[in-house]
Amino acid sequence: MRNFNLLITVIFSCSIAWAQQDLGIVGPNNWLQGWTSFKPLTNDYPQTTKILPNVISADFKLSGYETYSLVGEVYVTNNATLTIEAGTIIRASSDEYSALIITKGSKIVAEGLTNNPIIFTSSRSAKERKPGDWGGIFILGNAPINLYGGVYKIESSIDPSLIVAGGSNPADNSGSIKNVRVEFAGKGKNKNTVYDAVSFIGVGNGTTIDGIQSSFSNGNSFKFVGGNVKGTKMVAYRSKNSDFELTQGVNSDLSNGLVIRYAFFSASTSFRAVNIKQYENKDLTDFSKPQTNVVLTNFSLINESDGEAVTKGLIKEAIFINQGCSFSLNKTIISGFETALLLSSTIELKPDNINKIKLKKVFFNNCEKNITSQLGTTESDDLESMYAAAIYGNVYYKASATDIFNDPLNERTPDYRIKISGVK
């Protein structure tokens, strides 16, 4: 691998102004403060006081003064709106498959406060919770999905008309999510399957996503299937599978996102911080429709176990890109991964393909390899050379997380904004 350390002084001195302003997750204050939790295993939650109905077919409100039990599959149907007040806690049963499904046309309005978040968590007591205690949250929208027929079905035994997503409205509105935590989800309907903590399926850009944390998911933290999604302040913490998986023609614009992977929790095979796919099933995909297009801005992707010799090889690449996908990565930090970005062997290194992959002002820190291809060493070296050109403004550095972030080891609320004084 080529050594780019000599480029650091020139590139970084030119870029320190923009780095100080908007590199990695940004904000005048640490926006993780108050509503997130990085020790959910030990949190004490109140006992449940009410049980959610399994079918919500008219507008329904959950009170912030109550703690609700979610048992089995709870569906919001008939264009109803489920409103969840700030401070509400929903504890999902671990004794059976439990999930919340917002069906197409219905909405979830879950607007917590920074000092009073909404929490979805396990029914188990502190220190007994584990990834996959319950299913997760499914939001089914009416935005385009590039499958034949334009619809995607989730697994369920109920009325088939209630489990489909996808349509023709990219501006579809499935509600609002603010300052929400989702913990210990990812249980499948049987012992051989896993689901994702939060699934956005055919969700349109009329939906507000502004502050959501997934912790200890047994599947992906966040999955996007089709749709035209916008979101900000999304946190994925120690998921077992990928943190962000995006597929089936999703057109997404996500910003201010944080991913923290840890070798002793993350599965070591084929799962990444960001996994970008053209499709899940090639035979069902309509290639005449728009394909996957992902824009990530101001993300911080961090391998929490960086530098621990016993974890070498247990964390895969930070980002994996499959053939046919467009990807733009801007003002982002990738820190502590063996490989920062990997291109599938199906992506030939020719202009039409490379023009779909844009890397601008990316800070690669402490990665053994930065930009590589499954095609081999020669192709990987070519990619490294190309994206190291000054026109891209990418930075290559070698430092520990404590040197470049404000307060990454804070057990209560870490601060992963960049610490310019630590970068020389």
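Everything numeric in this text was worked out from a predicted model, so none of it was measured. (Residues numbered from 1 in each chain as written. Predicted model: local features only at pLDDT ≥ 70, side-chain atom pairs only at ≥ 80, totals over all residues. Heavy atoms only, no water.)

1. Some remarks on the overall build of the chain
Note the cut-off: Each helix is a run of DSSP H or I of at least 4 residues and each strand a run of E of at least 2, with the numbering of both proceeding from the N terminus. As defined in this context, the radius of gyration uses C-alpha atoms, and a globule is described by 2.2 Å times the residue total to the power 0.38. Exposure classes here rest on a 1.4 Å probe applied to the protein chains alone. A residue is buried below 20% of its type maximum, exposed above 50%, and partly exposed in between. Whether two residues are in contact is decided by their heavy atoms: any pair within 4.5 Å suffices.
Secondary structure summary: the chain contains 4 helices and 32 strands in total. Taking 424 residues into account, the globule formula puts the C-alpha radius of gyration at 22 Å, and the chain, at 21 Å, falls close to it. In terms of its C-alpha atoms, the chain occupies a principal-axis envelope of roughly 60 × 50 × 35 Å. Per-residue burial for the chain yields a buried fraction of 57% across its 424 residues. In the chain, the proportion of contacts linking residues at least 24 apart, taken out of those at least 6 apart, comes to 71%.

2. Thoughts on the confidence of the model for the chain
Put simply, the rule reads: Here pLDDT means the predictor's own confidence in every residue, given as a number from 0 to 100.
For the chain, the mean per-residue pLDDT works out to 91, and 92% of the residues sit at or above 70. The low-confidence segment residues 1–20 (pLDDT under 50) makes 34 contacts with residues lying over four places distant or belonging to another chain.

3. Overview of the pattern of salt bridges
The line we're drawing: By salt bridge we mean one thing: a side-chain nitrogen of Lys or Arg within 4 Å of a carboxyl oxygen of Asp or Glu.
Scanning the model with the defined rule gives 14 salt bridges in all. One salt bridge connects Lys277 with Glu245, and the closest N-O pair in it is separated by 3.3 Å. Note that Lys277 is positioned in the loop between strand E21 (274–276) and strand E22 (293–303) and Glu245 in strand E19 (residues 244–247), a separation of 32 residues in sequence. Several salt bridges converge on common partners, so that one network encompasses Lys223, Glu245, Lys277 and Glu280.

4. Focus: the sheet that holds strand E29 (residues 369–373)
Remark on secondary structure: sheet strands pair via backbone hydrogen bonds, oriented parallel or antiparallel. Applicable threshold: Should DSSP find at least two bridges between two strands, the strands are taken to pair. In this analysis an axis means a line fitted to C-alpha atoms, helices contributing only their contacting stretch, and an angle means the value between N-to-C directions, from 0 to 180 degrees.
Pairing within the open sheet is parallel, and its 11 strands lie in the order E2-E5-E8-E11-E15-E17-E19-E21-E23-E26-E29. Edge positions in the sheet fall to strand E2 (55–56) and E29, since each has one partner strand and no second. For strand E23 (residues 319–321) and strand E26 (residues 339–343), the ladder comprises 3 bridges, and the chain directions are parallel. Looking at the pairing, Ile319 lines up with Leu341 of E26. In the packing of helix H3 (residues 377–387) onto the sheet, contacts are made with E26 and E29, and the angle to E29 comes to roughly 125 degrees.

5. As for the side chain of Asp133
Heads up, the condition is: The term polar contact refers here to a pair of N or O atoms within 3.5 Å; inside protein, the definition further demands a hydrogen-donor-capable atom paired with an acceptor-capable atom, and it admits residues adjacent in sequence only when both atoms are side-chain atoms.
Mapped onto the secondary structure, Asp133 falls in the loop between strand E10 (118–122) and strand E11 (136–140). For Asp133, the side chain forms a polar contact with the side chain of Arg124, separated by 2.9 Å. At 3.1 Å, the side chain of Asp133 and the backbone nitrogen of Lys130 are in polar contact. Setting aside residues no more than four positions away along its own chain, Asp133 makes contact with Ser93, Ser94, Ser122, Arg124, Glu128, Phe184 and Lys187.

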